[in-house]
Amino acid sequence: MAVCALAALKSEASPRLIPLLMDLLGACAQTLVKDPPRVAELVRVALGKIAEVSASGASLHSAAGVLTPTQRLLKKLAEAAPAVVLPILREEREKCTDQAVDAFLLRLMLDFCPAGDPLEPEFLQLCANFLARDTKEGRESRAIGMALAMRGESALAPIAAAFPEATTGSQKYFLHLLDDIVRYRKVSPAGHELAAGALLR
């Protein structure tokens, strides 16, 4: 069943079928993760659908019709076998050339990484670096920014490190994020000092 659903997804499937196919594949997650090459193929196909929507300039509603089921699918795969899925996401991101796909992958990588995990600092820095070079300041940036803010004090050092080389617009957004983290998250005196150092630059 999963093989047939993947084959249908790889074809020129109707936009109405894409969420159904992805949900069907998500229901097969426990079986799929036993075959890592198949999971890698599925991830590439799913990300390709996001790239297609991004390139078409589709409306937010149309984009959600692909983004949301893809997120559900990858979440189920990651829950079934995080050790299989996370390296695949990292590898795909390294090859990524589409900003929307890049942002999507960064959010997922951070979502699938528990607070305090050894990979957390790396993923937080990748997110901060994405924001630093972003010039569009669109919904992808806002989503990444929200993900960073949710990490609280852990996000302060990555933001401070990315701040000096950031675009002017990104620096303004970083200041907003720093203010939100300091105001609404539990932050140590060292964290306050770190945030203040960035604010005073």
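Residues numbered from 1 in each chain as written. Predicted model: local features only at pLDDT ≥ 70, side-chain atom pairs only at ≥ 80, totals over all residues. Heavy atoms only, no water.

## Structural notes on the overall build of the chain
Each helix and strand in the chain was counted, giving 12 helices and 0 strands. For the chain, the succession of helices and strands along the chain, N to C, is α-α-α-α-α-α-α-α-α-α-α-α. In terms of overall dimensions, the chain is globule-like: its C-alpha atoms have a radius of gyration of 18 Å, near the 17 Å expected for 201 residues. In terms of overall dimensions, the chain has C-alpha extents of about 55 × 35 × 25 Å along its principal axes. The 201 residues of the chain split such that 45% are buried. Working note: accessible area of the chain is about 10500 Å², and carbon and sulfur atoms make up 57% of it. For the chain, the separation between the mean place of its 23 positive charges and that of its 23 negative charges on side chains is 4 Å. (Helix = DSSP H or I, 4+ residues; strand = E, 2+ residues; numbered from the N terminus. Rg over C-alpha atoms; globule rule 2.2 N^0.38 Å. Buried < 20%, exposed > 50% of the residue type's maximum accessible area, 1.4 Å probe, protein only. Areas by Shrake-Rupley, 256 points an atom, 1.4 Å probe, with all protein chains shown as cover. Lys, Arg positive; Asp, Glu negative; His and termini not counted. Charge placed at Lys NZ, Arg CZ, Asp CG, Glu CD.)

## Observations regarding the layout of surface pockets
One number sums up the size of the largest pocket: a volume of about 460 Å³. Ala63, Leu67, Ala100, Arg139 and Glu140 are the residues nearest the centre of the largest pocket, which is lined by 22 residues in total. Those elements that place two or more of their residues in the lining of the largest pocket are helix H4 (36–56), helix H5 (60–80), helix H7 (99–111) and helix H9 (139–150). Broken down by element, the lining of the largest pocket gets its largest block of residues, 7 residues, from H5. For the lining of the largest pocket, the per-class residue count stands at 12 nonpolar, 5 polar and 5 charged. (1 Å grid on protein atoms, 1.4 Å probe; cavity = no way out; pocket = protein on both sides within 12 Å on 5 of 7 lines; lining within 4 Å. Points joined across faces, edges and corners; volume = space filled by probe spheres on them. Nonpolar A, V, L, I, M, F, W, Y, C, P; charged D, E, K, R; others polar.)

## Examining helix H12 (residues 189–199)
Those residues of H12 that sit buried are Gly191, Ala195 and Ala198. The arc that holds every buried residue of H12, seen down its axis, measures 55°, which confines them to one face. Across from the buried face of H12, at angles greater than 90 degrees, the exposed residues are Pro189, Ala190 and Glu193. Summarising the contacts, the buried residues of H12 are in contact with helix H10 (156–162) and helix H11 (168–184). (Arc of directions from axis to C-beta. Contact = heavy atoms within 4.5 Å.)

## Looking at the packing of helix H6 (residues 82–95) against H7
In the contact formed by H6 and H7, the axes pass within 10 Å of each other and the chain directions differ by 155°. Classed by the angle they form, the pair H6 and H7 counts as roughly antiparallel. Both H6 and H7 take part in a crossing whose hand is left-handed. Contacts between H6 and H7 pair Leu86, Leu89, Arg90, Glu92 and Arg93 from the former with Asp102, Leu105, Leu106, Leu108 and Met109 from the latter. (Axes fitted to C-alpha atoms, helices over the stretch in contact; angles between N-to-C directions. Parallel < 35°, antiparallel > 145°, perpendicular 65-115°, else oblique. Left-handed = near helix turned anticlockwise from the far one by under 90°.)

## Some points on the nonpolar core
One broad rule of soluble globular proteins: the nonpolar side chains tend to lie buried together. The biggest cluster of nonpolar side chains holds 66 residues, and the ones touching the most others in it are Leu25, Leu77, Leu89, Leu148 and Phe174. With 9 residues, the top contributor of residues to this core is H4. Apart from the residues within four sequence positions on either side, Leu89 is in contact with Val43, Leu74, Leu105, Leu108, Met109 and Phe112. (Core = buried A, V, L, I, M, F, W, Y, C linked by side-chain atoms within 4.5 Å.)

## Some remarks on the pattern of salt bridges
Under the criterion given, the structure shown has 11 salt bridges. Its salt-bridge partner being Glu92, residue Lys95 comes within 3.2 Å of it at the nearest N-O pair. Residue Lys95 and its partner Glu92 are both found in helix H6; the two are separated by 3 residues, about one turn of the helix. Put simply, Arg93 and Asp102 hold a salt bridge, and the shortest N to O gap is 2.8 Å. (Salt bridge = Lys/Arg side-chain N within 4 Å of Asp/Glu carboxyl O.)

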